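Structural characterization, general
Residue-level listing of the chains:
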Amino acid sequence: MLDPAAPQLVVQCRTLYFSWLPADPDAVAALVPAGLHPRPDRQVFMNQYVVDDETQSSGLGPYSLTYLGVTLTGVDAPGGHPGGWWTHYLASSPLIRDYAAARGAPAAAGRTTIEVRGEELTAVTEADGEPLIRARCRVGDTGHQIHSGHHRFLSRGDGEVVSAVYPFIAEPVTPFEIESVEFLDPGHPAYALRPANPLTITWGFYAPRSSFAHPGGLTSWPLAGEPVVADPPRPRRTVAEGDVPGTGRPRAEPSGPDVPAVGRRSEVPVGPGPGRFWNGPGPHWPYDASPALDGAGSERAGAPGPQWPSVRVVDQPVDR
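This section reports on the structure supplied with the text. (Residues numbered from 1 in each chain as written. Predicted model: local features only at pLDDT ≥ 70, side-chain atom pairs only at ≥ 80, totals over all residues. Heavy atoms only, no water.)

Attention shifts here to the overall build of the chain. A count of helical and extended segments in the chain gives two helices and 17 strands. Across the chain, contacts joining residues at least 24 apart in sequence account for 70% of those joining residues at least 6 apart. About 13400 Å² of surface is accessible on the chain, with carbon and sulfur atoms providing 52% of the total. (Helix = DSSP H or I, 4+ residues; strand = E, 2+ residues; numbered from the N terminus. Contact = heavy atoms within 4.5 Å. Areas by Shrake-Rupley, 256 points an atom, 1.4 Å probe, with all protein chains shown as cover.)

Shown next as structure tokens:
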């Protein structure tokens, strides 16, 4: 078994990462522990990725993974990207499952495939050998933009909530468009996270080359009755040398007539062509530009810096 306190590096994996508004906001909120705060719109995120070869990691070997969770307020990663609570973590490799479970992730067996034929991408997550989630997208070519930053994920380990910050670098394609997201097994616990119909996509990207690191340390995270800060000063495991915890910073306020309202249908084009996410020139990241309420009830933008609005509604022909 890998040492759960040891950092691990993954490079150039194929990654489909996006977020939506759920069909059952109350069910989504019920998955978040007391003391943590989901967004008012109960935004759900999902990352489906594939590590094809053992040379793409520092010791994890080839594997595929899908994780899902609930976007939180008040727990931003350094740089301002919203933090999230992991609810499901389906990995193909026993090695990565054991490593992740020891770090607090809700790891279970699963398999993820990503197939691209021309402009059509299909990503399928399986559990117990049966299809669980299927996403269909239209994708373009990798451009010259590189997005980088940090994600924060919270999970439960050894009876306490813990936090880890994951640095990432991604080379997204453009154009990029989510066509449908299907949750195929109503009996699986992940069904609580299914998207609303019509499908409302809040941000997302596909990157055939995406890299990230599992950090070497976890941090205990205070819940109810304790102040929530960007990085609580209570290390749970030894932090790697040179790893200085950062603090989240306030994100820029949205402005202008093109900012869509949270939870409402948006007719705003978000790139070249109707309804397409644009990863074109500009210092932006495809997180939502919708206002979000932080723990104090103030209104803040969904990501730092100038960005394009990215709420999109898709009428998906899926019976629920």
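This part covers helix α2 (residues 94–102). Side chains of residues three or four places apart in an α-helix project in the same direction, reflecting 3.6 residues per turn. Of the positions making up α2, those classed as buried are Ile-96, Arg-97, Tyr-99 and Ala-100. Mapping the buried residues of α2 onto a view down its axis gives an arc of 170°, with all of them on the same face. In this structure, the buried side of α2 is in contact with β1 (8–20), β4 (63–73), β5 (84–91), β6 (107–109) and β13 (199–214). Of the residues that open α2, the one with a side-chain oxygen 3.1 Å from the backbone nitrogen of Leu-95 is Ser-93. Remark: Gly-104 follows α2 within two positions and exhibits a positive phi of approximately 100°. (Buried < 20%, exposed > 50% of the residue type's maximum accessible area, 1.4 Å probe, protein only. Arc of directions from axis to C-beta. Polar contact = N/O pair within 3.5 Å; in protein donor to acceptor, adjacent residues only side chain to side chain.)

Below, the discussion takes up unusual backbone geometry. Omega for the bond connecting Thr-174 with Pro-175 falls within 30 degrees of zero, at 0°, which places this linkage in the cis form. In this chain, Asn-197 is followed by Pro-198 through a cis amide linkage whose omega measures 10°. Mapped onto the elements, Pro-198 comes out in the loop between β12 (173–183) and β13. A positive phi angle, close to 55°, is found at Gln-12, a residue other than glycine. When you line up the elements, Gln-12 lands in strand β1. Classification of Gln-12 by relative accessible area gives partly exposed; the value is 48%. The phi dihedral of Asp-128 falls on the positive side, at around 55°, and the residue is not glycine.

Tallied over the entire structure, the rule returns nine salt bridges. Note that Arg-111 is salt-bridged to Glu-126, the shortest N-O span being 3.6 Å. In this pair, Arg-111 sits in strand β7 (residues 111–117) while Glu-126 sits in strand β8 (residues 120–127), placing the two residues 15 residues apart along the sequence. The salt bridge involving Arg-138 is made with Glu-179; its shortest N-O contact spans 2.8 Å. With Arg-138 in strand β9 (residues 130–142) and Glu-179 in strand β12, this residue pair connects regions lying 41 residues apart in the sequence. Note on Glu-179: relative accessible area 30%, which makes it partly exposed. Beyond isolated ion pairs, a larger network of salt bridges with shared partners links Glu-119, Glu-120, Arg-138 and Glu-179. (Salt bridge = Lys/Arg side-chain N within 4 Å of Asp/Glu carboxyl O.)

Take Leu-65: it is sitting in strand β4. According to the relative accessible area criterion, Leu-65 is buried, its value standing at 0%. Excluding residues within four positions of it along the chain, Leu-65 makes contact with Asn-47, Gln-48, Tyr-49, Tyr-89, Leu-90, Ala-91 and Thr-112.

Generally speaking, nonpolar side chains in soluble globular proteins are found buried as a group. Residues Leu-16, Phe-18, Trp-20, Ile-178 and Phe-183 are the most contacted members of the largest nonpolar core, which totals 38 residues. In this structure, Phe-183 is in contact with Trp-20, Leu-68, Leu-132, Ile-133, Ala-190, Tyr-191, Leu-193, Arg-194 and Pro-195, ignoring residues within four places of it in sequence. (Core = buried A, V, L, I, M, F, W, Y, C linked by side-chain atoms within 4.5 Å.)

Let us now look at the sheet that holds β7. Read from one edge to the other, the open sheet built from four strands follows the order β7-β8-β9-β12, with strand pairing classed as antiparallel. The sheet is open, and its two edges are formed by β7 and β12, each paired on a single side. The mean angle between the axes of side-by-side strands here comes to 20°, regardless of whether they run parallel or antiparallel. Note: β7 against β8, seven bridges, orientation antiparallel. Within the sheet, the bridge partner assigned to Arg-117 lies in β8 and is Glu-120. (Pairing = 2+ DSSP bridges. Axes fitted to C-alpha atoms, helices over the stretch in contact; angles between N-to-C directions.)

The topology assignment puts Asp-76 in the loop between β4 and β5. A sequence separation of 75 residues divides Asp-76 from His-151, and the C-alpha atoms of the two residues are 8.0 Å apart.

Okay, the side chain of Ser-93 next. Along the chain, the position of Ser-93 falls in the loop between β5 and α2. Given the relative accessible area of 9%, Ser-93 is considered buried. Sequence-distant contacts of Ser-93, that is, excluding residues within four places in its chain, are made with Leu-60, Pro-62 and Tyr-63.

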